[in-house]
Amino acid sequence: MDELLNKTLASDETLLWSGSPESFETFDRTYKPIFIRKLIISLVIAAALTAAYFIAAGDNDVGVKWGLLIFVWIVCILPPINVPRDSKLLKTKIRYAVTDKRYLTLSNTVRDVEIAKCGKAYFVTDADGHTSFVTGMEGEKNLKANMREAAVVGVSMDTEADKCDRYVMYAVSDVEGLKQALKKTEAEF
C-alpha cells in the first residue's frame, strides 16, 4: 500500500497524514439493525415476487422458469450482503491519506479528491464510538448508517458542478493526527 501511495503523490505534493480504519465489529450497534432491516425487506420482496410469478405462471399456463426465480432471489439478497462485505474491505484493504492538496482512499486503486472541491469537513461519532471524517452529506438523514458504504465507495462527485458530494474516512484510528494534518490544508472544518 505504501508503494501505491508513493506512486500516487505528485512531485509538488506533501503527504501530511495516512492511516487505516480502527478495528470494529461487523455487526455492532449501528450496523446490526441495518443488516437485519435490509435482510427482512429483501426476503419480503423476494417472496412477494416469487408468489406473483407463480400466480402469473399458473394463470397463463406457462411453465416455471427456475433460472428466473434464482436470479430474482440473488438480486434481492445482494443489499444485505453489502454490510459484511463493506466491513471486510474496510478492515483489510482500505487506507486513508491526506496531502496538502487532496484526500485519498487507497485499496487496489486510488480514489482521490482535491480538498478545494470539497465542502465543509467535520467529524461524526457513531453509537459504537467510532469517529469518522466526513465532507458533504450534511443533509443526509441516515448519515451514520451510510458511512461505511460511503467510505468503501470513496469519492462521490457532482460532475456538473465539479464539486465533491461526499467523501468519508470511516472509523479513523488516529483522529488527533488527522486533525493536525487538516490544519495544514485549505480544508474548512
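The paragraphs below set out a description of the structure included in this document.

What counts and how
Throughout this document, residue positions are counted from 1 along each chain, in the order its sequence is written. Local features are withheld for residues below a pLDDT of 70 in this predicted model, meaning they are given only at 70 or higher, and side-chain atom pairs are given and counted only at 80 or more; totals for whole chains, interfaces and linings count all residues. Computation of side-chain values covers all heavy atoms of the structure but excludes hydrogens and water. Helix and strand definitions follow DSSP, with helices as H or I runs of at least four residues and strands as E runs of at least two, each counted in order from the N terminus. In this description the radius of gyration comes from C-alpha coordinates, and the expected globular size is given by 2.2 Å times residues to the power 0.38. In this description, contact between two residues means that some pair of their heavy atoms is separated by no more than 4.5 Å. Surface accessibility in these figures is a Shrake-Rupley result with a 1.4 Å probe; residues are shielded only by whichever protein chains are displayed. His is not counted, nor are the chain ends, whereas Lys and Arg count as positive and Asp and Glu as negative. Here the site of a charge means NZ on Lys, CZ on Arg, CG on Asp, or CD on Glu. Any Lys or Arg side-chain nitrogen found within 4 Å of a carboxyl oxygen on Asp or Glu counts as a salt bridge. Burial classes follow relative accessibility: with a 1.4 Å probe on protein chains only, a residue under 20% of its type's maximum area counts as buried, one over 50% as exposed, and anything between as partly exposed. Only centres within 6.5 Å qualify two rings of Phe, Tyr or Trp (six-membered ring in Trp) as a pair; their planes then separate them into stacked at under 30 degrees, edge-to-face at over 60, and tilted for everything else. Whether a charge sits over a ring comes down to the Lys NZ or Arg CZ being within 6 Å of the ring centre and within 35 degrees of the ring normal. Given a helix with a known number of residues, its expected span is that number minus one, times 1.5 Å. Two strands qualify as a pair provided DSSP detects at least 2 bridges between them. Axis angles are defined between N-to-C directions and span 0 to 180 degrees, where every axis is a line fitted to C-alpha atoms and, for a helix, only to the segment in contact.

1. Some remarks on the overall build of the protein chain
Then step 1. Assigned secondary structure in the protein chain consists of five helices and eight strands.
Then step 2. Scanning the protein chain from its N terminus toward the C terminus, one meets helices and strands in the order α-β-α-α-β-β-β-β-β-α-β-β-α.
Then step 3. For 189 residues, the compact-globule estimate of 2.2 N^0.38 gives 16 Å, and the C-alpha radius of gyration of the protein chain, at 21 Å, exceeds that figure by more than 25%.
Then step 4. Projected onto its principal axes, the C-alpha coordinates of the protein chain cover approximately 70 × 35 × 30 Å.
Then step 5. For the protein chain, restricting intrachain contacts to residue pairs at least 6 apart in sequence, the fraction spanning at least 24 positions comes to 65%.
Then step 6. If you sum the accessible surface of the protein chain, you get close to 10,400 Å²; carbon and sulfur atoms cover 56% of it.
Then step 7. Charge separation in the protein chain, taken as the distance between the mean sites of 24 positive and 26 negative side-chain charges, equals 4 Å.

2. So, the pattern of salt bridges
Where charged atoms from two side chains of opposite charge come close, those side chains can pair.
Then step 1. Tallying each qualifying case throughout the model produces seven salt bridges.
Then step 2. Between D12 and K101 there is a salt bridge whose closest N-O contact spans 2.6 Å. Residue D12 is found in the loop between helix 1 (2-8) and strand 1 (15-19), and its partner K101 is found in the loop between strand 2 (95-99) and strand 3 (102-106); the two are separated by 89 residues along the sequence.
Then step 3. A relative accessible area of 36% places K101 in the partly exposed class.
Then step 4. One salt bridge connects E176 with K179, and the closest N-O pair in it is separated by 4.0 Å. In this pair, E176 and K179 are both assigned in helix 5 (residues 175-182), three residues apart and thus about one turn of the helix distant.
Then step 5. Each of E13, R102 and D112 takes part in a single network of salt bridges with overlapping partners.

3. Structural notes on the packing of aromatic side chains
Then step 1. Going through the model one piece at a time under the given rule, you end up with eight aromatic pairs.
Then step 2. Note on Y103 and Y167: the rings are 5.5 Å apart at their centroids and 15° apart in plane angle, and the pair reads as stacked. Here Y103 is found in strand 3, whereas its partner Y167 is found in strand 8 (residues 163-169), with 64 residues between them in sequence. One exposure class covers both Y103 and Y167, and it is buried.
Then step 3. In this structure, K91 packs its charged tip against the face of F24, placed 5.2 Å from the ring centre.

4. A few points about helix 2 (residues 32-59)
Then step 1. Across its 28 residues, helix 2 extends 41 Å between first and last C-alpha, which sits within 8% of the 40 Å expected from 1.5 Å per residue.
Then step 2. Within helix 2, the full set of buried residues consists of I34, S42, A46, T50, Y53 and A57.

5. Considerations on the sheet that holds strand 3
Then step 1. Read from one edge of the open sheet, four strands run 1-2-3-4, paired in antiparallel fashion. Each edge of the open sheet carries a strand with a single partner, namely strand 1 and strand 4 (110-114). The average angle at which neighbouring strand axes cross in this sheet is 15°, direction not considered.
Then step 2. When strand 1 meets strand 2, the two strands line up antiparallel, connected through four bridges. Within the sheet, the bridge partner assigned to G19 lies in strand 2 and is Y96.
Then step 3. Against the sheet, helix 5 makes contact with strand 1, strand 2 and strand 3, and its axis sits at roughly 160° relative to strand 1, the strand it touches most.

6. Some thoughts on the sheet that holds strand 5 (residues 121-125)
Then step 1. Read from one edge to the other, the open sheet built from four strands follows the order 5-6-8-7, with strand pairing classed as antiparallel. Both outer strands of the open sheet, strand 5 and strand 7 (155-158), are each paired with one neighbouring strand and no more. Strand-to-strand twist in this sheet, taken as the mean axis angle between neighbours without regard to direction, amounts to 20°.
Then step 2. When strand 6 (residues 131-136) meets strand 8, the two strands line up antiparallel, connected through four bridges. Across the sheet, T135 pairs through a bridge with Y167, a residue of strand 8.
Then step 3. Strand contacts of helix 5: strand 5, strand 6 and strand 8, with the helix running at about 170° to strand 5, the strand carrying the most contacts.

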